[in-house]
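Listed below, chain by chain, are the residues.
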Amino acid sequence: MENSNAFSLLSEQTRQKLLEQNISKPTAVQQQVIPQIFNGKNVLFESETGTGKTFAYLLPLITKLEADSDTVHAKILVIAPTFELASQINLAAKSITDRKTALLIGGSPIKRQCETLKEKPQIIAGTAARLCELIRLKKLKIENLFAAVFDETDRLVKKECIEDTTEIKSLLPENCQIIACTATINKTAKDFFPESENILLPPEDILRKRITHWAIYAEARDKIDTLRKFIAAENPSKALIFTSRADQVENIFSKLSYKRIDCACIHAKTDKQMRKAAIDRFKSGKIKILITSDLTARGLDIPDISHVIQMDLPQDTDFFIHRSGRTGRAGKTGINVVIGDEWEMNRYATLEKKLGLTVYPKEIRSGKVIAPLME
């Protein structure tokens, strides 16, 4: 099986749905994981961001689901740490099956979600806290599940999610297949799924091979003006701008909007519907610039992002990797830019060595992004 195409295990209907999306060959992670899931194994797998993890578990599970004549019970449950990721998983499932799906997330009316569950969806994606709430209310019945997926596992086992994640896992049916995945497996995740077979894919080195890294120096007070000049000079086709602080998200948005730069912004305190609307506009290309806190740094797969611009450096190296990994996805290339002061440039130099990157200094002169002029 290792040398044959893992897609041969999929149903003809599923393969046709993939062809409609111009997908004909499995990625490396899909090639390894799909057969394991078909064989009913509990799997914990790690693969870099942008390598196709969502389809790696959805494709075999949905093929198994469509061979099942039972169409009235929930069969597949996918638990995600954020609203955005759960929504993305739900859309991915809809793109490859006609079986009913449901999105169950916090911040949306629970009454409406209870009504949705009456329609007998078979594939459910949601955030851990809301799923727990619906299970406790006996509105979400999980006794007929044949598979549960814990997506972005390392987030789900952190302090803010671990209680709900533990409760859901404890309530799963005895023979339920457990699948967990992430871009960065930690020891806590491994300990949480001791019954799983670990699949750790060798890195495809997306961070070095597909992403070009730039550094632009700017004092803190000049960063947003430098950003504005960069946007004018580079004219990115689709740029995702990161900053660690929610108040700074609004500040950047306000100042770019004042300069008539069409953009949108989202952070943890943004209303769920407004977050969804902003992401939809960005995905569709109606706006070319989205400003965000780290809430979207992980899990979200927004196609064709040409530039990631980091207005600060996150404390956690993993977050730098996940931020950067929003570009250079699905075999494409991209540019990751850090706009930082002297202290941040020193930290960036340390990251460059730690991650084996090559960072190119840049500056903006006469409306162009160029290498610094030699004195």
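The preceding data block contains the structure.
Notes on the structure follow.

Basis of the calculations
- Residues numbered from 1 in each chain as written.
- Predicted model: local features only at pLDDT ≥ 70, side-chain atom pairs only at ≥ 80, totals over all residues.
- Heavy atoms only, no water.
- Phe/Tyr/Trp six-rings, centres within 6.5 Å; stacked < 30°, edge-to-face > 60°.
- Buried < 20%, exposed > 50% of the residue type's maximum accessible area, 1.4 Å probe, protein only.
- Lys NZ or Arg CZ within 6 Å of the ring centre and 35° of its normal.
- Helix = DSSP H or I, 4+ residues; strand = E, 2+ residues; numbered from the N terminus.
- Pairing = 2+ DSSP bridges.
- Right-handed = clockwise from strand over helix to strand, strands pointing away.
- Axes fitted to C-alpha atoms, helices over the stretch in contact; angles between N-to-C directions.
- Salt bridge = Lys/Arg side-chain N within 4 Å of Asp/Glu carboxyl O.

1. Section: the packing of aromatic side chains
Thought 1: By the definition in use, this model includes 4 aromatic pairs.
Thought 2: Both rings, one in F192 and one in F193, keep their centres 5.0 Å apart while their planes meet at 75°; by these two values the pair is edge-to-face. In terms of burial, F192 and F193 fall into one category: buried.
Thought 3: Through successive ring pairs, a cluster of aromatic residues spans F150, F192 and F193.
Thought 4: A cation over an aromatic ring shows up here: K169 above the ring of F192, its NZ or CZ 5.3 Å from the ring centre.

2. Some words on the pairing of strand β11 (residues 289–292)
Thought 1: Covered by surrounding structure in β11 are I289 and I291 together with L290 and T292, the residues of both alternating faces.
Thought 2: Alignment of strand β9 (residues 239–242) against β11, held across 4 bridges, turns out to be parallel. Each residue of the ladder has a partner; that of F242, found in β11, is T292.
Thought 3: For strand β10 (residues 264–266) and β11, the ladder comprises 3 bridges, and the chain directions are parallel. Bridging across to β11, C265 finds its partner in I291.
Thought 4: Read from β10 through helix α13 (residues 272–284) to β11, the crossover connection turns out right-handed.

3. Describing the sheet that holds strand β5 (residues 147–151)
Thought 1: The sheet built from 7 strands is open, its strands ordered β3-β4-β2-β5-β6-β1-β7 with parallel pairing. Either end of the sheet is taken by a strand with one partner, and the two such strands are β3 (101–104) and β7 (197–200). Strand-to-strand twist of the sheet, defined as the mean angle between neighbouring strand axes without regard to direction, takes the value 15°.
Thought 2: Two elements, β3 and strand β4 (residues 123–127), share 4 bridges in a ladder whose sense is parallel. Its bridge partner lying in β4, T101 is registered against I123.

4. Regarding the pattern of salt bridges
Thought 1: In total, this model carries 21 salt bridges according to the counting rule given.
Thought 2: Between E133 and R130 there is a salt bridge, and its shortest N-O distance comes to 3.2 Å. With a gap of 3 residues between them, E133 and R130 both fall in helix α6 (residues 128–136), about one helical turn apart.
Thought 3: Note on E133: relative accessible area 32%, which makes it partly exposed.
Thought 4: For R130, a relative accessible area of 10% translates into the label buried.
Thought 5: D312 is the partner of R323 in a salt bridge, and the nearest nitrogen-oxygen pair spans 3.1 Å. Of this pair, R323 sits in helix α14 (residues 317–324) while D312 sits in the loop between β12 (307–310) and α14, and the two are 11 residues apart along the sequence.

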